[in-house]
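Spelled out, the chains give:
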Amino acid sequence: MYRSHNCGELRSAHIGQSVTLSGWVQKTRDKGFVIWVDLRDRYGITQLVFDEERSPAGIMEQSRSLGREFVIQAKGTVIERASKNSNIPTGDIEILVSEIQILNTSMTPPFTIEDNTDGGEDIRMKYRYLDIRRNPVKDNLIFRHKVTMEVRKYLSNQGFIEVETPYLIKSTPEGARDFVVPSRMNEGQFYALPQSPQTFKQLLMVGGMDKYFQIVKCFRDEDLRADRQPEFTQIDCEMAFIEQEDILNVFEGLTAHLLKEIVGVDSSNFPRITYDEALKKYGNDKPDIRFGMEFGELNAVAQHKDFNVFNTAELVVGIAVPGGASHTRKEIDALVDWVRRPQIGAKGMVYVKCNDDGSFKSSVDKFYNQEDLALWAEKTGAKAGDLICVLSGDTHTTRGQLSALRMEMAERLGLRKPDEFAPLWVVDFPLLELDIETGNYHAMHHPFTSPKPGHLSLLETDPDAVRANAYDLVLNGNEIGGGSIRIHDKETQATMFKHLGFTAEEARAQFGFLMDAFQYGAPPHGGIAFGLDRLVAILGGQETIRDFIAFPKNNSGRDIMIDAPAPIDGEQLKELHLKLDEQA
Ligand code: ASP
């Protein structure tokens, strides 16, 4: 028997008992006549004590040979500590050790395995198995487990069945590139790894499964972006015989359950906003609504004077930064520089200070009088003491820039509180999105999304106006889930493919199986998928999804611990019928 108890378990009530513990040596303190060792496992830390008076002969010497991260077994008696440590649950006791056995030695670890470590990100990634011994990482993994357990519990109780779908498939378009796997047995042919189980879950509905879910890995070969993982996990769901309203209700239920069980927050409020409204009010389709600073459009009150910058702009729009009037000239200049950085790309920023006495001081006083500025304040909801920041230009770009500024100011003002949760449904997404470079339309969600009833005919005449029964669930400014009601008849699906630029042959070759299935009694259906990694990070009050993944890839998509991706040898290439350029 390696242990009678774990290292987080023993309390005063155990005093006098003989116990056996196993774990890692975190730290040794040698005072000469007495030696303490902190023994660690997943459950906590227990202090071992060796002393000249009470310990058996020879054991003091033996304990001096213990290095950091040695794996040991210790037998002894639970005794009361002379000086108690109220910071740890086992702090009232220690183990007077009578016998130790070294189960394994350890090299000196490349960084300290404590809550606060001296190890940088790269070294900790390379030795991830050591990093996992640290509480912050270990606790995140346990937290993730709790979330997935609650998801499974909730959905199972609602009658959902977890079904596994294959990983070696044919492309399912979700807007990214596929990772492909060469087939050894079929020369020149490739599987694609799923970007999502989208088509399979729809086929499960045709198969009558009615309510499906799966906690599933998805793979997307996207360009590098901070905090994106090429493989990530979705809570993927689909239901038959439902309308959008049913889906929103069920998954509000799931989200509320998680908020309650995991973070102890009651949330009955899931406001809804249309995509168009979200863009107008917040400049993006995943607004953080924990704080105000809603956009005020100023065209009507700013385009009547000689200020050409505004007169030639498609959109003039501002936000009121609470308390911002106290910014010094220098601070405002820095803010202007911030919006002009290439990442944001604004040409400049007009500002208005709303003074406490009700007067205004602006950067465009030459053009606008106090009455004009009072109207700006009204439109942006600015109060005395606020700073109105105004950007202008074409609608799409300007909204994006002001949205970035809004988030930045909220961050600086501490308004993005990690323990406050504000879910929001964004509904009525456009069905199509124009690719400015190619001039082609592509599906905003994916090609299986149904246009709103009555909108199908608009595809010919006004494609931009077509709205879909598509929805996103947003939490604190992050899209945590998205889905849609699907097309379930062959004709509509064929029309959709046509509008997306597929020839009938291409559509047949790629999605014939789905269109065939639609001919055998496909029920009306729809679904949603949540990004589990992001959801867990947000519930955990953190931003980085990597911290909640046991073995993540770095920002270049590499696993630096196992050193992947890596070349494969010539034999393997040959077997797979692959030739690299230089060998061709
Ligand atoms: N397959 C979609 C996605 O991965 C989700 C859905 O439509 O259910 O975003």
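Everything below is about the structure shown above.
To start, this report covers the structure provided alongside it.

Criteria and cut-off values
- Residues numbered from 1 in each chain as written.
- Predicted model: local features only at pLDDT ≥ 70, side-chain atom pairs only at ≥ 80, totals over all residues.
- Heavy atoms only, no water.
- Buried < 20%, exposed > 50% of the residue type's maximum accessible area, 1.4 Å probe, protein only.
- Helix = DSSP H or I, 4+ residues; strand = E, 2+ residues; numbered from the N terminus.
- Pairing = 2+ DSSP bridges.
- Axes fitted to C-alpha atoms, helices over the stretch in contact; angles between N-to-C directions.
- Contact = heavy atoms within 4.5 Å.
- Phe/Tyr/Trp six-rings, centres within 6.5 Å; stacked < 30°, edge-to-face > 60°.
- Salt bridge = Lys/Arg side-chain N within 4 Å of Asp/Glu carboxyl O.
- Near = heavy atom within 4 Å.
- Polar contact = N/O pair within 3.5 Å; in protein donor to acceptor, adjacent residues only side chain to side chain.
- Areas by Shrake-Rupley, 256 points an atom, 1.4 Å probe, with all protein chains shown as cover.

**Let's talk about the pairing of strand E10 (residues 231-240)**
By the criterion of burial, E10 is predominantly enclosed, with 9 of the 10 residues buried. In terms of strand pairing, strand E9 (residues 211-219) meets E10 through 9 bridges, oriented antiparallel. Among the inter-strand pairings, Lys217 is bridged to a residue of E10, identified as Thr233. Alignment of E10 against strand E22 (residues 525-531), held across 7 bridges, turns out to be antiparallel. Pairing of Cys237 across the sheet is with Ile528, part of E22.

**Focus: the sheet that holds strand E5 (residues 93-104)**
Note: strands within a sheet are paired through backbone hydrogen bonds, in either parallel or antiparallel orientation. Ordered in space as E1-E2-E3-E5-E4, the 5 strands form a closed barrel in which the pairing is mixed. Along the sheet, successive strands turn relative to each other by an average axial angle of 55°, direction set aside. With 2 bridges connecting them, strand E3 (residues 44-51) and E5 associate as parallel partners. Along E5, the bridge assignment pairs Val49 with Leu96.

**Some words on the side chain of Thr380**
Along the chain, Thr380 falls in helix H11 (residues 370-380). Of the residues examined, Thr380 reaches a relative accessible area of 8% and is grouped as buried. In this view, Thr380 contacts Glu294, Gly296, Leu298, Gly318, Ile319, Ala320 and Ile388; residues no more than four positions away in its chain are not counted.

**Structural notes on the packing of aromatic side chains**
Inspection of every chain in the model, using the stated rule, returns 18 aromatic pairs. For the pair Phe307 and Phe367, a centre-to-centre distance of 4.9 Å together with 40° between the ring planes defines the contact as tilted. Taken as a pair, Phe307 in the loop between helix H8 (299-302) and helix H9 (308-311) and Phe367 in the loop between strand E15 (360-362) and H11 lie far apart in primary sequence, 60 residues in all. The interplanar angle of 45° and the centroid separation of 5.9 Å between the aromatic rings of Phe310 and Trp376 together place this pair among those described as tilted. In this pair, Phe310 is assigned in helix H9 and Trp376 in helix H11, connecting sequence segments 66 residues apart. With respect to class, Phe310 is no different from Trp376; both count as buried.

**Side note on the pattern of salt bridges**
Within the structure shown, the criterion is met by 43 salt bridges. Where Glu277 meets Lys281, a salt bridge forms, and the shortest distance between an N and an O atom there is 3.8 Å. Of this pair, Glu277 and Lys281 both sit in helix H7 (residues 275-282), separated by 4 residues, roughly a single helical turn. Judged by its relative accessible area of 29%, Lys281 is partly exposed. Overlapping salt bridges, with partners in common, bring together Arg124, Arg128, Asp131 and Arg134 in one network.

**Brief notes about the site of the ligand**
By nearness alone, 14 residues border the ligand, and Glu174, Gln198, Lys201, His445 and Arg486 come closest of all. Take His445: an N or O atom from its side chain is 2.8 Å from an oxygen atom of the ligand. Here an oxygen atom of the ligand and a side-chain polar atom of His446 are 2.9 Å apart. Expressed as a share of its isolated accessible area of 270 Å², the protein-covered part of the ligand is 92%. At the level of secondary structure, the elements contributing two or more residues to the shell around the ligand comprise helix H5 (198-206), strand E21 (478-485) and E22. Counting residues per element, the shell around the ligand draws most heavily on E22, which supplies 3 residues.

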